[in-house]
Every structure is written in C-alpha cells, then in structure tokens.
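Close look at the chain arrangement
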Amino acid sequence: MAKAETKSVDRASIEMLEKAASEGVNTAFDRAETMKPCPIGTVGSCCSNCGMGPCRVPLPKGKEETPEEKRKRRGICGATAETIAARNFIRMIAGGAAAHSDHGRGVAELFLAVAKGEASGYEIKDEQKLLQVALEWGVDIGNRSNQEIAIDIGEKALAEFGKQKDEILFLRRAPLKRQELWRKQEVAPRGIDREIVEIMHRTHMGVDQDYRNLLKQGVRAALADGWGGSMIATELQDILFGTPAPVLGEVNLGVLKRDEVNLIIHGHEPLLSEMIVVAAQDPQMVELAKSKGANGINLAGICCTANEILMRHGIPLAGNFLQQELALVTGAVDAMVVDVQCIMQSLPDIAQCYHTKIITTSPKAKILGAMHIEFDEHNAMESAQAILKTAIENFPHRGKNIHIPDERTDLIAGFSHETINYLLGGLFRASYRPLNDNIINGRIRGVAGVVGCNNPRVTHDEVHVTMVKELIKNDVLVVQTGCSAMACAKAGLMVPEAAAKYAGEGLASVCEAVGIPPVLHMGSCVDNSRILMATTAMVKDGGLGDDISDLPVAGAAPEWYSEKAISIGQYFVASGVFTVFGVNWPTLGSDEVTKLLFQDFEEMYGGMWAFEPDPIKAAHLMIDHIDKKRKALGIDKARERILYDMAMRRELDAV
Ligand code: BF8
Ligand code: SF4
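So, here is what we can say about the structure in this document. (Residues numbered from 1 in each chain as written. Chains lettered and ligands numbered in written order. Predicted model: local features only at pLDDT ≥ 70, side-chain atom pairs only at ≥ 80, totals over all residues. Heavy atoms only, no water.)

Scanning the entire structure with this criterion turns up five cavities of 30 Å³ or more. Roughly 230 Å³ of volume is contained in the largest cavity. Along the walls of the largest cavity sit 26 residues, with Ala-448, Gly-449, Val-479, Ile-531 and Thr-535 positioned nearest its centre. If you list the elements that add at least two residues to the lining of the largest cavity, you get β11 (446–450), β12 (476–480), α23 (528–541), β14 (553–557), α24 (563–574) and β15 (578–581). Broken down by element, the lining of the largest cavity gets its largest block of residues, five residues, from β14. Residue composition of the lining of the largest cavity, by class: 21 nonpolar, five polar and no charged. (1 Å grid on protein atoms, 1.4 Å probe; cavity = no way out; pocket = protein on both sides within 12 Å on 5 of 7 lines; lining within 4 Å. Points joined across faces, edges and corners; volume = space filled by probe spheres on them. Helix = DSSP H or I, 4+ residues; strand = E, 2+ residues; numbered from the N terminus. Nonpolar A, V, L, I, M, F, W, Y, C, P; charged D, E, K, R; others polar.)

This part takes up the packing of α24 against helix α25 (residues 591–605). Packed helices, taken two at a time, are described by the angle between their axes plus the distance between the axes. It is the contact of α24 with α25, at a shortest axis distance of 10 Å, that shows an interaxial angle of 45°. By the criterion of interaxial angle, the relationship of α24 to α25 is oblique. Only Leu-597, Phe-601 and Tyr-605 of α25 make contact with α24, whose side of the interface consists of Gln-570, Val-573 and Ala-574. Residues belonging to the contact of α24 with α25 are distributed by class as follows: five nonpolar, one polar and no charged. (Axes fitted to C-alpha atoms, helices over the stretch in contact; angles between N-to-C directions. Parallel < 35°, antiparallel > 145°, perpendicular 65-115°, else oblique. Contact = heavy atoms within 4.5 Å.)

Okay, the coordination of the nickel atom of ligand 1 next. With respect to protein ligation, the nickel atom of ligand 1 binds only Cys-525 (SG), at 2.2 Å. For the nickel atom of ligand 1, the four donor atoms are set out with angles of 93 to 153° between them, so the coordination reads as irregular. Inspection of the secondary structure assignment puts Cys-525 in the loop between β13 (519–521) and α23. (Donors = N, O, S within 2.8 Å, 3.2 Å for Na, K, Ca; no water. Tetrahedral: all angles 85-135°; square planar, octahedral: opposite > 155°, others 65-115°.)

Pairing between the strands of a sheet is mediated by backbone hydrogen bonds and can be parallel or antiparallel. Taken together, six strands build an open sheet; the order of strands is β13-β12-β11-β14-β15-β16 and the sheet is parallel. Strand pairing shows two members of the sheet lacking a second neighbour, β13 and β16 (609–611), which therefore form its edges. Each strand of the sheet is rotated relative to its neighbour by a mean of 25°, with strand direction disregarded. Across three bridges, β12 lies against β13 in parallel orientation. Bridging across to β13, Val-479 finds its partner in Leu-520. (Pairing = 2+ DSSP bridges.)

Moving on, we get to the environment of Gln-217. Take Gln-217: it is sitting in helix α10 (residues 211–241). A sequence separation of 21 residues divides Gln-217 from Ile-196, and the C-alpha atoms of the two residues are 8.8 Å apart. What Gln-217 contacts, discounting residues up to four positions off in sequence, is Glu-195, Glu-198, Ile-199 and Arg-202.

Of all hydrophobic cores here, the largest spans 173 residues; its most connected members are Tyr-122, Ile-153, Trp-227, Ile-276, Leu-471, Phe-601 and Met-622. Per-element accounting of this core gives the leading share, 15 residues, to helix α5 (residues 81–115). For Trp-227, the contacting residues outside a window of four places in its chain are Ile-168, Phe-170, Leu-171, Arg-173, Ala-174, Trp-182, Leu-532, Thr-536, Ile-548 and Ser-575. By size, the runner-up hydrophobic cluster in this structure holds 39 residues, among which are Ile-14, Phe-321, Leu-322 and Ile-402. (Core = buried A, V, L, I, M, F, W, Y, C linked by side-chain atoms within 4.5 Å. Buried < 20%, exposed > 50% of the residue type's maximum accessible area, 1.4 Å probe, protein only.)

Contact geometry of helix α11 (residues 270–280) with helix α13 (residues 303–313) gives a least axis separation of 10 Å together with a crossing angle of 50°. If you check the angle between α11 and α13, you find them oblique. As for the relative orientation of α11 and α13, their crossing is right-handed in sense. Counting all contacts with α11, which are made through Pro-270, Ser-273, Glu-274 and Val-277, the residues of α13 involved are Thr-305, Glu-308, Ile-309, Arg-312 and His-313. Residue classes in the contact of α11 with α13 are distributed as three nonpolar, three polar and three charged. (Left-handed = near helix turned anticlockwise from the far one by under 90°.)

As a further point, take the pattern of salt bridges. Overall, the coordinates contain 46 salt bridges when judged by the stated rule. Across the pair Asp-238 and Lys-129 runs a salt bridge whose closest N-O atoms are separated by 2.7 Å. Separated by 109 residues along the polypeptide, Asp-238 in helix α10 and Lys-129 in helix α6 (residues 127–136) bring together distant segments of the chain. Each of the salt bridges in this network shares a partner with another, and the network as a whole consists of Lys-129, Glu-136, Arg-173, Glu-235, Asp-238, Glu-308, Arg-312, Glu-418, Asp-527 and Arg-530. (Salt bridge = Lys/Arg side-chain N within 4 Å of Asp/Glu carboxyl O.)

Written out as structure tokens, the structure is:
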C-alpha cells in the first residue's frame, strides 16, 4: 500500500489514514488502489444500455484507423463509438441534474407545506427574497400576506418540474442575449423532469443515434439543472432559512470535541439539518448530554450539508467528501446522520469498528447496516430530537482508541450573490460596479469558479489547492462551492490575510480595501446557481460585454467524481463559461464527441470544455482564456499599465 502522505495533502486526513491502516480499517483510498479504473469505461467506450451487450468499442491503440475499421467498430446494435460516448455522457448529466433537481423539489415541497402552515418549526426568514421571486414569477403581491404569496410561489416552483411546453421561469434571469442564443440553439429547457426523462428515452437502444443531437439534449437538461432545479433549491432555501451573510467558521477534523457529544451531519438537503441545529440548542438536550457525562453537544458537517449549515449558522465543517470515512476513524463520532448524495455505503461497516451510529433519514436513501429515523417534515423537530438523543445516548459507548487530529483552520464563508453585492456596493447602492471597475482597470484579472468533489484517483485536496493558489497569484479572484471550497479553506485561503500572503498585488490590494479573502466561499453544489447569478450581475452592471461569454471568467472542477459535477460543468459551458476538468475525461473514446465539446461548443455557446489533470497547466488554460476575453473587451492594456506601475513603484521604493 502507498504511504498515507501520497494520498492527501491534508495533515488531518493523513493522520487518520495512518490510524485506519493500523486498525485494519479499509477506506476509499485503499479501494482506489486495489481497484484500477477500467480503461474502456473511463473514456466512455463501454455501453451497457441493453441485454445484447455490454459492448466495448475502444479506440485502437497507437495505430491510424482506416474508415473501414472505424465503420466496424460498433456495438451489437450498430451504435458507433460516437453514439456510445455521447449517450454515456448525457446519462451522467441526467443523473446529476436529477440529483440536484430532486433536491430542489424536496425544498419546494417543504416550502409549500410551510406556507400552508403544515410544517411547524419553520418560517419564512428572507421576506425580501420572497417578494423578489414573487415579482420575477408574476405572483401578485398586493395586500397579500407572506403566507399567501408563498403558497403561489411554492406551487409555481413545483410546477416547474412537470411543465410540458413553456420554458422554465428562472431562465429569464439570464442576460437577454444568452436567452436568445439558447432559443436559437433549441436548448431552452421546458419542465425539468421532462428534460431528464428525455435523456433516458433518447439513450435507450435504437432512439437518438446522432451524437450532436444527443449532446444537445444533454445541454438542455443541464440548463434545467443550473437555471432550474438547483436555482429553485438555492432560492427557496434562502427564503426559508435565510440568505447567507459572512460568517466565521472552522474546518477540519480538529473541530470534533473529545468531551462533547459529536453529531456529524452529512449529505445535501438542509431541511433536517436546520432543525437539528435548533434542537441542539434546547437546554433539555444539553442537560441530557450532561447526564451522560458529556460537556455539551457538538455539531459538525461533512459534504454539502456542511456548507449549508456553515453558511447560515457558522456550524464547523468536519471535512469534505473523502473525509467522511476518516471522521469515523477518529473514534469520537457518536452518530453520523445522512440524507442524500455522496454518502459512501462503507460507512456502517467502518462505524462497526468504533461505536458510531449511522442514521439514514430519507425514504430515498437507506443503507443496509444503518439505522433509519425517517425525516418527517410535518414533525421535523421530533425527527431532529430522536436523532440527537441517539447520538447522546451513544456517547458513553465510546471506545478507548480515540484520536482527534489537532487540525482546524479558520475561514470566512457566506458569500452569497447578494452578500457580494452589498459588500462591494454598500447596502444602499448594492452593485457589482466595484468588481467590474477593478476588472476593467486590471487590478483583478478575472474571476474563476473552482468547484466540485474529491476523487481518490488523485491526491486528496492537492489539485484544488494548487490550482487556486496559482489563480490568485495571477490576480484571478476565485469563487468556490462544494468540497473544493473546503479543500481551500483547510489550506487557509479563505481568510482576509490570505490576500497578502498568496494573491498577486492587484487582487490583494482590492481584497484589502474591501476586507474580503481572495477566495470566496459561495456555498454548496446547488449553490453554483449563485455563481450563475453573480456572472449575470456582472454582465448587467456593464462595461464587460453583454453576455456571460464576454466576461473574463472561467470554471473548473479539478478533482471531480460525481455526475452532478458533469451536469454543473455542462450548464456553465452552455451559459458561456470556459470550464476545465481534471482527473479523467469521459468522452476520450470518441474524437468527434470530444471535439464537439472542446471546440465546436465555443462557436455554439461561447463556452467550451477542456480536460487538463495538471492543476498549474489547467490554471493557465483558465488564465489564457481570461486574457483572451480581456483582449476582446479591449481592456488588456489596462493590466499592462498596472504591471508597469507596480514595477515603477518598486523602482521608486528602491531609491
Ligand atoms: O454536491 S462537491 S463530492 S459533496 S458532488 Fe459530493 Fe462533489 Fe462534494 Fe456536494 Ni458536490
Ligand atoms: Fe451494445 Fe447497443 Fe446494447 Fe449498447 S445498446 S449494449 S451498444 S447492443
């Protein structure tokens, strides 16, 4: 087995990997070593869509293929390598878009129940956003109560999923030029569910067999995710739980406490976790914990739920995706409660080696070996209390072999689109003007969204941190979500002091003036919709072109693993953003499909994909793209002047 230091750059994770190895605990890191990736599946050349297959159509290695040979390289049904790669790719989009959108649907259902007074314990926290969405969606405000308005919004939100003909409502938020482009390309999504179902239909054997047409549907479903399901999730969560504002937090396994009941909340939907946060403050619960010998109750998060409760309550982050098993290895987790997505089936197994209870809560996501306490949104407090009690009662059962790594880092989170607006422009004239001005004058070169997962095929966190450091060093402001955000927070990039330490002079001067870190935490993966909003706001503020594709911005998911990441990447590309992924690329088995995604899409959508596993090279692909856009906008000279000024300043300083 390889040494723990080669598997992660995060000290806490390395320590826990060593502890796991000494205790004979098997983790995803070990499994990734023993299970080599299938070379045919990795490049999208294996089809298992029907019982005649599976069919494998890899590119012949190292030799030029004759047209005759290429014609023969087909699945049993006759599907070409192009069709197979494109089908596999858009099925990933369907999986990702379904996950985000079903999350959005869950929020909309709770939202409606709250509006109707059927879900006690929840309330509408952001009235301003409620009214804003009402205006956007044509919901009558008049003299109506928030409840009445919310009922209409909830019903409209739910209808977005089943719409048959009309475009989804949030599409209207995009710059006008972008909306026209989507209509021209025939990818403006209708109902969210419809677009996902249509992928499953078209990729069934013998339906759509033109890779260009398949990818077009992939684009449409991805847009239904970003500007539909994910945006509904973000916006309705903000109305219900509050729109995030800057908050100080801590990250890494060192946030677990030896003398308190540790309950980890892991997954994605904040509906239950919001209630657990409230329940944990109940003096009776704290008393119960004390009666079991603990000094209190300590909540911590893993994965995107962690981001949600950090952004709104300052609850610490225990870690990102690849730390879910390692958290259990501390021996100090009394219970881990999970809902949906990114939850490893190995958790109950590992938990057995310690005393930890794994609790599933969603009827959609049960795990053999875990206990199930179903989350009932109509009695959410009861569910939350039952979960907390399970954790508390388990505290006395801790074993002897407890070790909590002494690693935790401060971060500032809570940079919602609205917060950035206020921070930059001030409460009374909230705007992106100062950001645009600083991009135009060249202090900020551009903006990069670095998002997505961990993947044990690469060194944990290393790719994120290296890429982001390179970007900020080159004056690119970075916005982040998901597990990538946690990786960089652990590396100390999300505090204002990081600007002087890591950022280029231009970016550092702006961060210092505004008092923000050079890397901004914008939330969970569904909150990538906040980045769409931020780019739209930049366009609307003026001076940087009239479409998202004109902006000096780029995106990346350098350690991606999830189908959700592919859907996110695709909606960014289709919204006009150059987007680079690392690890591996799932269409390399077909040159045509890859060319369409990497080159032709630029012509069609103004944004395109790229694949580059080396984080420094990938960062420079993004910087080159940003410079290309600066040049097209005619603001490339400004940066040259700025650099000249700095050189002159240094000379003067030296005198
Ligand atoms: O939705 S970044 S590993 S936790 S998929 Fe999963 Fe990837 Fe993390 Fe959140 Ni997003
Ligand atoms: Fe093979 Fe075609 Fe069936 Fe896919 S759909 S498994 S390529 S026969």
